[in-house]
Amino acid sequence: MPSTTTFWSHIPRPMVMKRFSAPISSYVSAGAQGITDPPARVGFLGIGIMGSPMAHNLLKAGIDLTVWNRTKSKCDPLISLGAKYKPSPEEVTASCDVTFAMLADPQTAVHVACGKHGAANGMGPGKGYVDVSTVDGDTSKLISGNIKSTGALFLEAPVSGSKKPAEDGQLIFLTAGDRDLYERVAPLLDIMGKSKFYLGDVGNGAAMKLIVNMIMGSMMASFSEGLLLSEKVGLDPDVLVQVVSQGAISAPMYSTKGPSMIQSLYPTAFPLKHQQKDLRLALGLAESVSQPIPIAAAANELYKVAKSQGLSDQDFSAVIEALKSKIQHSETK
Ligand SMILES: NC(=O)c1ccc[n+]([C@@H]2O[C@H](COP(=O)([O-])OP(=O)(O)OC[C@H]3O[C@@H](n4cnc5c(N)ncnc54)[C@H](OP(=O)(O)O)[C@@H]3O)[C@@H](O)[C@H]2O)c1
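Residues numbered from 1 in each chain as written. Predicted model: local features only at pLDDT ≥ 70, side-chain atom pairs only at ≥ 80, totals over all residues.

Thoughts on the overall build of the protein chain
- Regarding its fold elements, the protein chain presents 15 helices and 10 strands.
- Looking at the protein chain as a whole, 46% of its 333 residues are labelled buried.
- At a minimum sequence separation of 6, the contacts of the protein chain that also span at least 24 residues come to 65%. (Helix = DSSP H or I, 4+ residues; strand = E, 2+ residues; numbered from the N terminus. Buried ≥ 20, exposed ≤ 12 C-beta atoms within 10 Å, placed from the backbone. Contact = placed C-beta atoms within 7 Å.)

Quick word on helix H7 (residues 137–148)
- Look at H7: 16 Å from first C-alpha to last across 12 residues, which is about the 16 Å you get at 1.5 Å a residue.
- Every buried residue of H7 is accounted for by Gly-137, Thr-139, Ser-140, Ile-143, Ser-144, Asn-146 and Ile-147.
- Here the buried face of H7 lies against helix H6 (106–114), strand E6 (128–131), strand E7 (153–156), strand E9 (171–177) and helix H10 (204–232). (Expected span 1.5 Å × (residues − 1).)

Quick look at unusual backbone geometry
- One non-glycine residue, His-117, lies in the positive phi region at around 55 degrees.
- By secondary structure assignment, the location of His-117 is in the loop between H6 and E6.
- By C-beta crowding, His-117 is classed as exposed, having 12 other C-beta atoms within 10 Å.

Things to note about the site of the ligand
- The environment of the ligand is formed by 26 residues, the closest being Gly-48, Arg-70, Thr-71, Ser-162 and Phe-270.
- Split by residue class, the shell around the ligand holds 11 nonpolar, 11 polar and four charged.
- Counting the residues that make up the shell around the ligand, at least three belong to each of domain 1 (15–200) and domain 2 (207–331). (Near = placed C-beta within 6 Å. Nonpolar A, V, L, I, M, F, W, Y, C, P; charged D, E, K, R; others polar. Domains from an automatic or database assignment.)

Here we look at the nonpolar core
- Ranked by size, the top nonpolar core spans 87 residues in total, and within it Ala-55, Leu-58, Leu-65, Val-67, Ala-101, Val-185 and Val-319 carry the most contacts.
- Of all the elements, H10 adds the most residues to this core, at nine residues.
- Each of domain 1 (15–200) and domain 2 (207–331) contributes no fewer than three residues to this core. (Core = buried A, V, L, I, M, F, W, Y, C linked by C-beta atoms within 7 Å.)

Quick look at the pairing of strand E2 (residues 41–45)
- Counting buried positions along E2 yields four of five residues, so the element is predominantly enclosed.
- Note that E2 and strand E3 (residues 64–68) share five bridges and pair parallel. Bridge assignment links Val-42 to a residue of E3, and that residue is Leu-65.
- Handedness of the crossover joining E2 and E3 through helix H3 (residues 51–60): right-handed.
- For E2 and strand E5 (residues 98–101), the ladder comprises four bridges, and the chain directions are parallel. By the bridge assignment for E5, Leu-45 is matched with Ala-101. (Pairing = 2+ DSSP bridges. Right-handed = clockwise from strand over helix to strand, strands pointing away.)

Some details on H3
- For H3, the tally of buried residues reaches eight of 10 residues, placing the bulk of the element in the interior.
- Turning to H3, its buried residues are Gly-51, Ser-52, Pro-53, Met-54, Ala-55, His-56, Leu-58 and Leu-59.
- Against the buried residues of H3 lie E2, E3, helix H4 (76–80), helix H8 (163–167) and helix H9 (179–192).
- A positive backbone phi angle near 90 degrees is found at Gly-62, which sits one or two residues after H3.

A word on the UniProt feature "active site" (unreviewed entry) in the protein chain
- Those places that UniProt annotates as "active site" (unreviewed entry) correspond, in this numbering, to Lys-209.
- Looking at the element boundaries, Lys-209 is found in helix H10.
- Setting aside chain neighbours within four positions, we find Lys-209 in contact with Thr-134, Pro-158, Ser-160 and Leu-174. (UniProt positions renumbered as here; feature names shortened; annotations may be inferred.)

A closer look at the environment of Pro-237
- By secondary structure assignment, the location of Pro-237 is in helix H11 (residues 237–246).
- Expressed as a C-alpha distance, the spacing of Pro-237 and Gly-226, which sit 11 residues apart in the sequence, is 8.5 Å.
- Apart from the residues within four sequence positions on either side, Pro-237 is in contact with Leu-227, Ser-230, Glu-231 and Ile-262.

A look at the packing of H6 against H7
- As a packed pair, H6 and H7 sit with axes 10 Å apart at the nearest point and diverge in direction by 0 degrees. Viewed along their axes, H6 and H7 adopt a mutual orientation that is roughly parallel. Every residue of H7 that contacts H6 at Pro-106, Ala-109, Val-110, Ala-113 and Cys-114 is listed here: Thr-139, Leu-142, Ile-143, Asn-146 and Ile-147.
- Here the contact of H6 with H7 is built from residues that sort into eight nonpolar, two polar and no charged. (Axes fitted to C-alpha atoms, helices over the stretch in contact; angles between N-to-C directions. Parallel < 35°, antiparallel > 145°, perpendicular 65-115°, else oblique.)

Describing the confidence of the model for the protein chain
- Per-residue confidence for the protein chain gives a mean pLDDT of 91; residues scoring 70 or more make up 89%.
- Below a pLDDT of 50 lies the segment residues 1–6, which in the model reaches one contact outside its immediate sequence neighbourhood of four places, other chains included. (pLDDT = per-residue confidence, 0-100.)

So, the pairing of E3
- Among the five residues that make up E3, four are buried, leaving the element largely enclosed by the rest of the structure.
- Pairing of E3 with strand E4 (residues 84–85) involves two bridges; the strand directions are parallel. Within the sheet, the bridge partner assigned to Thr-66 lies in E4 and is Lys-84.

Printed below as a string of structure tokens:
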């Protein structure tokens with residue numbers, strides 16, 4: 001067993017940047033003093049739960065924004081606020097300096113970036129592609145290779161934070177890839193987020209995001225068990241939420257989601273199908289370095305049960321329903 005010092009000592013420290021508090025005009029004027037000017041024309045592909053508020057914040061900051069989504073109607077509120085629309089990812093990237101993509105999963109991210117009329121077709125030297133979807137490192141490297149073969153730059157930048165932080169411009173960006181592009185889009189990341197980490201080579205941002213969501217998925221599964229057990233032994237689960245919220249294990253997730261979970265309500269902020277996808281990808285990441293992650297593996301099984309119960313599009317806190325069905329099953333034996 002290595003000592004703590006030697007175990008971690010080979011890991012390089014990331015560069016952490018807090019958000020700038022200045023308005024966008026300040027970034028532009030600060031260009032001559034070393035802060036890179038933000039790109040003039042910005043594209044956004046994927047107007048879902050996360051993409052919509054992120055694009056909205058860019059628009060509110062006065063950015064010249066062009067959007068695309070598979071289901072066009074989700075672009076309409078942004079178009080009514082002044083966003084331009086193009087009918088394919090290729091046409092968005094062809095008309096923009098930098099394009100962000102916020103897509104469901106690895107398959108979709110590859111399809112939108114590299115498929116027919118995909119983003120890569122409109123890319124070229126001087127342009128940049130920033131994929132903020134949660135995918136695995138191999139997918140990110142595949143997309144990076146396709147984008148960079150056009151002469152453009154690539155940055156992976158998955159986000160920590162859910163619907164509300166996206167609305168509030170409080171996301172945390174976990175970036176890796178072309179450092180020049182990172183510098184260039186920093187003012188845009190600061191509009192959408194509260195901090196950003198630059199983690200080096202493509203794949204490191206994806207890995208960091210998967211580890212964060214692996215922890216979160218296990219936390220939610222364990223919290224669900226606690227809520228149900230408290231009820232079963234005659235305690236008030238609302239009081240459990242209060243106790244947890246005041247102690248060392250408190251996390252905003254418990255106090256925001258606990259009360260609705262107790263009422264069997266799961267308004268979607270983070271779809272359960274995406275949480276299960278992230279656990280599946282985290283299992284693959286751990287497998288690639290032969291590390292056991294038994295707690296995450298058990299949690300993954302629970303999310304799979306919840307998906308089979310038709311809960312994919314509910315919030316991930318609906319995983320508690322999978323536990324309820326297991327309890328009912330054990331009671332009928
Ligand atoms: N929600 C969160 O709290 C959260 C937080 C951090 C990270 N993330 C990650 O962010 C990404 C997006 O999450 P979200 O919550 O915004 O999910 P979402 O609402 O389900 O949005 C998914 C997006 O992907 C598009 N899409 C799905 N399948 C497609 C296909 N076959 N071809 C083209 N486009 C397709 C959807 O288009 P349509 O509108 O046409 O379906 C939509 O724009 C995921 O990788 C997720 O893991 C989510």
